[in-house]
Amino acid sequence: MAALDYAQIADIYDTYVTSEEDLPFFLEEAGKAAGPVLELMCGTGRVAVPLAAAGIPMTCVDNSRPMLSILRTKLKARRLPAKVVHADATRLTLDGPFRLAIIPFNSFSEFRSTELQRSVLSGIRRCLAPDGRLIVTLHNPAVRRVRIDGQLHVLGQYPLADSDDTLTLQSVETLDPDTGLVSGHQYFEAYDRDGRLVWQRILTVAFRLVNHREFQDLVREAGFRVESLVGDYARSPFVEASSPFMIWALTRTDALQCA
Ligand SMILES: C[S@@+](CC[C@H](N)C(=O)[O-])C[C@H]1O[C@@H](n2cnc3c(N)ncnc32)[C@H](O)[C@@H]1O
């Protein structure tokens, strides 16, 4: 069972996930790659579609058929070439070699065990070019954990396409401080223009906050060298106390270290 069942919210994902702050960063990195780019956990193509539109040869992997169906529709509507692959990132068997692999939007934190994280990294390493790169974006636990307080938070209100209804998204999260495991629920409610509830859905969420030393050890063991770590998409240096993100740029190395 996936940590989050994206089939439940695939049709509304693009309504409430509208962030574009990482797009210039990924456009620049993908442009530098000058070759095939692999996006894992691509979802509905929030990042993949702009990259494909910029002429980047994209392979887009996700294990949710409903999310991929929306991506395929967008690519077709824009007549963009991209390879779309339904696959589990923990069991990758892709032909490469890719110049760059990316896992945007903190999605790596959905792999909650070290075993799964290792499987993902070794699958990526196998299909990267010898000097290929991997970019992984993660929450900065020191900052993200402040918002995890067991209380109900309104995350936003969004107009729903093709109706006058409004989507309200609320969330509750709790943290196990010993393991970094976060569990919670997201509450989706659609209201009509008279404020009447039209429908509601509940999504169970589960992910794990990974601290920066743990991630560093993990990637080194998996055969990657840390090229850089920045704390936001403007590439500010990572500061543990205040950076919103950990944005890791890694390079494949020849050697694998024993765990
Ligand atoms: C938070 S969404 C991110 C989507 C997109 N990258 C974005 O930035 O909007 C995480 C995505 O990871 C996918 N996913 C979760 N577990 C996966 C797995 N084991 N293998 C492949 N995709 C997975 C989900 O289906 C979902 O589309």
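Remember, it's a predicted structure, so these values are computed and weren't measured experimentally.

The rules behind the values
- Residues numbered from 1 in each chain as written.
- Predicted model: local features only at pLDDT ≥ 70, side-chain atom pairs only at ≥ 80, totals over all residues.
- Heavy atoms only, no water.
- Domains from an automatic or database assignment.
- Contact = heavy atoms within 4.5 Å.
- Buried area = accessible area lost by both parts, 1.4 Å probe.
- Salt bridge = Lys/Arg side-chain N within 4 Å of Asp/Glu carboxyl O.
- Polar contact = N/O pair within 3.5 Å; in protein donor to acceptor, adjacent residues only side chain to side chain.
- Nonpolar A, V, L, I, M, F, W, Y, C, P; charged D, E, K, R; others polar.
- Pairing = 2+ DSSP bridges.
- Helix = DSSP H or I, 4+ residues; strand = E, 2+ residues; numbered from the N terminus.
- Axes fitted to C-alpha atoms, helices over the stretch in contact; angles between N-to-C directions.
- Core = buried A, V, L, I, M, F, W, Y, C linked by side-chain atoms within 4.5 Å.
- Buried < 20%, exposed > 50% of the residue type's maximum accessible area, 1.4 Å probe, protein only.

**Things to note about the domain arrangement of the protein chain**
How big an interface is tends to be stated in terms of accessible area lost as the parts join. If you check the domain split of the protein chain, you get domain 1 (6-141 + 209-252) and domain 2 (143-208). With centres defined by C-alpha atoms, the gap from domain 1 to domain 2 works out at 23 Å. Contact with domain 1, which involves 22 residues of that partner, is made by 22 residues of domain 2. Sorting the residues of domain 1 by area buried against domain 2 places Tyr16, Arg112 and Leu209 first, and these three jointly supply 36% of that buried surface. Our count for the contact surface shared by domain 1 and domain 2 stands at two salt bridges. Ionic pairing is found between Arg201 and Asp11, a salt bridge with its closest N-O pair at 2.8 Å. Where domain 1 meets domain 2, there are 12 residue pairs in polar contact (both at pLDDT 80 or more). In terms of residue class, the side of domain 1 that touches domain 2 is made up of eight nonpolar, nine polar and five charged.

**Some thoughts on the sheet that holds strand β6 (residues 153-159)**
The strand order β6-β7-β8-β9 describes an open sheet built from four strands, whose pairing is antiparallel. Strands at the two margins of the open sheet, each flanked by one partner only, are β6 and β9 (197-208). Taking each pair of neighbouring strands and ignoring which way they run, the sheet shows an average axis angle of 20 degrees. Where β6 lies against strand β7 (residues 166-176), six bridges are found, and the strand directions are antiparallel.

**Digging into the nonpolar core**
If you look at soluble globular proteins, the nonpolar side chains tend to sit buried side by side. Counting 32 residues, the largest nonpolar core has Leu40, Phe108, Ile124, Leu134, Phe215 and Phe224 as the members making the most contacts within it. Broken down by secondary-structure element, the contributors of at least two residues to this core are β1 (37-40), β4 (98-103), α5 (114-127), β5 (128-139), α7 (212-221) and β11 (245-252). Among the nonpolar cores identified, the runner-up in size contains 28 residues, and Val37, Met58, Leu68 and Ile247 belong to it.

**What about unusual backbone geometry?**
Geometrically, the link from Gly96 to Pro97 is a cis peptide bond, its omega value of -10 degrees lying close to zero. Relative to the elements of secondary structure, Pro97 occurs in the loop between β3 (83-86) and β4. Look at Ala34: it is not a glycine, yet its phi comes out positive at around 50 degrees. Relative accessible area serves as the criterion here: at 66%, Ala34 is assigned to the exposed category. Unlike most non-glycine residues, Asp162 shows phi in positive territory, near 65 degrees. Tracing the backbone shows Asp162 in the loop between β6 and β7.

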